[in-house]
Amino acid sequence: MAREPVVPPRPPCRLYLITPPAIAELAGFARELEAALDAGDVAALQIRLKPAEDAAILAAVEALAPVARARGVAVILNDRPDLAARSGCDGVHIGQSDASLAEARRVMGPDAMIGVTCHDSRELAMDAAEAGADYLAFGAFFPTEPKQTTHRPDLETLSIWQETVEIPCVAIGGVTPDNAGALAAAGADFVAVCAAVWNHPDGPAAAVRQFNQVLAENA
């Protein structure tokens, strides 16, 4: 009798950390980042400054990338494949109104990590997956400030994606320790967090520890 194929267990959901949209003082923020990354598992750091001049973005990468890489954390730049390639980032995250995936791949090269925002659309996600994206982001799952969002996927979006496609998915938008577990249980490979870490009442390190505990409980 033929044996049933062994399906490897899905890796546990991990934290995808996003910087605040504005950083007043890079050296001080770098110390906060060190404490946060030392507090628990973080898969990636997305540097997302909006609005910001090119020089400020490049300065942020220069200051923060070594902190992340020293701890095995991938460095992703938001929106700008040109600056991501210029500054040596590990990858870039693009939205539907940013550079195309083909252009990002051309600029970044075959080994770069490219993620694509797909809102609440599995169709957009499938198109991006077929075009060679390394991961897709669905959201916003929950209300988030200060960015106003109109797309609101449900948890089933994550479950269906997990059951049918191998490319990882990121859940984003209003993610907190109180709701991250539901996203992980539904099938998110990563949860993207920003304010819930940097504005945590006990500090970023406490937030990362709390997120890690919640994600471990829902692995």
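Below or above, wherever it landed, is the structure these notes cover. Since we're looking at a predicted model, the values are computed, not measured. Counting of residues starts from 1 at the beginning of each chain's written sequence and follows it residue by residue. In view of the model being predicted, local features appear only for residues whose pLDDT reaches at least 70, and side-chain atom pairs are presented and counted only at 80 or more, with totals across whole chains, interfaces and linings using the full set of residues. The side-chain numbers reported here are obtained from all heavy atoms of the structure, hydrogens and water having been left aside.

**Re the side chain of Asp189**
Per the convention used, a helix needs a DSSP run of H or I reaching at least four residues, while a strand needs a run of E reaching at least two, with both numbered from the N terminus. Inspection of the secondary structure puts Asp189 in the loop between α7 (180-186) and β8 (190-193). A simple rule labels every residue: compare its accessible area, found with a 1.4 Å probe on the protein chains alone, to the largest value its type can have, and call it buried under 20%, exposed over 50%, or partly exposed in between. Asp189 gets classed as buried once you look at its relative accessible area, which sits at 13%. N or O atoms closer than or at 3.5 Å make up a polar contact, with two conditions inside protein: a donor-capable atom paired with an acceptor-capable one, and, for residues adjacent in sequence, both atoms drawn from side chains. Within the structure, the side chain of Asp189 is placed 2.9 Å from the backbone nitrogen of Cys169, a separation counted as a polar contact. Working rule for contacts: check all heavy atoms of both residues, and any pair within 4.5 Å makes them a contact. Beyond its immediate sequence surroundings of up to four residues, Asp189 is in contact with Arg10, Pro12, Cys13, Arg14, Gln162, Ile167, Pro168 and Cys169.

**Examining the packing of aromatic side chains**
What describes a pair of aromatic rings is the distance from one ring centre to the other and the angle between the planes of the rings. Note on aromatic contacts: the rings of Phe and Tyr and the six-membered ring of Trp form a pair at centre separations within 6.5 Å, being stacked when their planes are under 30 degrees apart, edge-to-face when over 60 apart, and tilted otherwise. For the structure shown, the criterion picks out 3 aromatic pairs. With a centroid separation of 4.7 Å and an interplanar angle of 50°, the aromatic rings of Phe29 and Trp198 are classed as tilted. Linking Phe29 in helix α1 (residues 26-38) with Trp198 in helix α8 (residues 195-198), this pair joins segments that are 169 residues apart in sequence. Side by side, Phe29 and Trp198 carry an identical accessibility label, which is buried.

**Remarks on the side chain of His93**
With respect to the helices, strands and loops of the structure, His93 is situated in strand β4 (residues 91-94). Within the local environment of His93, its side chain forms a polar contact with the side chain of Tyr135, the two groups lying 2.8 Å apart. Setting aside its immediate chain neighbours within four residues, His93 contacts Tyr16, Gln46, Ile76, Leu77, Asn78, Asp79, Gly115, Val116, Thr117, Tyr135 and Ala137.

**A closer look at helix α6 (residues 155-164)**
Residues Thr157, Leu158 and Trp161 constitute the buried set of α6. The buried side chains of α6 occupy one side of the element, clustering within an arc of 95° when seen end-on. Seen from the buried face of α6, the exposed residues on the opposite side, beyond 90 degrees, are Glu163 and Thr164. Each element contacted by the buried residues of α6 is listed here: α5 (122-130), β6 (135-139), β7 (169-172) and α7. The arc in question is traced by the directions running from the helix axis to the C-beta atoms.

**Re helix α4 (residues 101-108)**
Among the residues of α4, those classed as buried are Leu101, Ala104 and Met108. Along the axis of α4, the buried positions cluster into a sector of 60°, meaning they face one direction only. In α4, the exposed positions that point more than 90 degrees away from the buried face belong to Ala102 and Arg106. Against α3 (81-87), β4, β5 (113-117) and α5 lie the buried residues of α4. Looking one or two residues beyond α4, the residue adopting positive phi is Gly109, at roughly 95°.

**Some words on the nonpolar core**
Here, the term nonpolar core denotes a set of buried Ala, Val, Leu, Ile, Met, Phe, Trp, Tyr and Cys residues that are joined through side-chain atoms within 4.5 Å. If you look at the biggest cluster of nonpolar residues, it comprises 66 residues, and the most contacted ones within it are Leu17, Ile47, Leu136, Leu158, Trp161 and Val191. Among residues more than four places away in sequence, those in contact with Ile47 are Thr19, Ala60, Val61, Leu64, Val75, Ile76, Leu77 and Asn78. Within the second largest apolar cluster, 11 residues are counted, among which are Ala43, Ala44, Phe190 and Ala192.

**Regarding a negative patch on the surface**
Residues enter a patch when their relative accessible area is above 30% and they make no salt bridge; the linking distance is 9 Å between like charges and 5 Å between nonpolar side chains (Val, Leu, Ile, Met, Phe, Trp, Tyr). Accessible surface is estimated by sampling points in the Shrake-Rupley manner with a 1.4 Å probe; for residues, cover comes only from the protein chains shown. By definition here, a salt bridge exists when the distance from a side-chain nitrogen of Lys or Arg to a carboxyl oxygen of Asp or Glu is within 4 Å. Here Asp and Glu are counted as negative and Lys and Arg as positive; His is not counted, and neither are the chain ends. Charged side chains are reduced to one point each, which is NZ for Lys, CZ for Arg, CG for Asp and CD for Glu. A cluster of acidic residues, Asp120, Asp154, Glu156 and Glu163, forms a negative patch at the surface. With respect to the helices and strands, Asp154 occurs in the loop between β6 and α6.

Distances and angles like these do not, on their own, reveal function.
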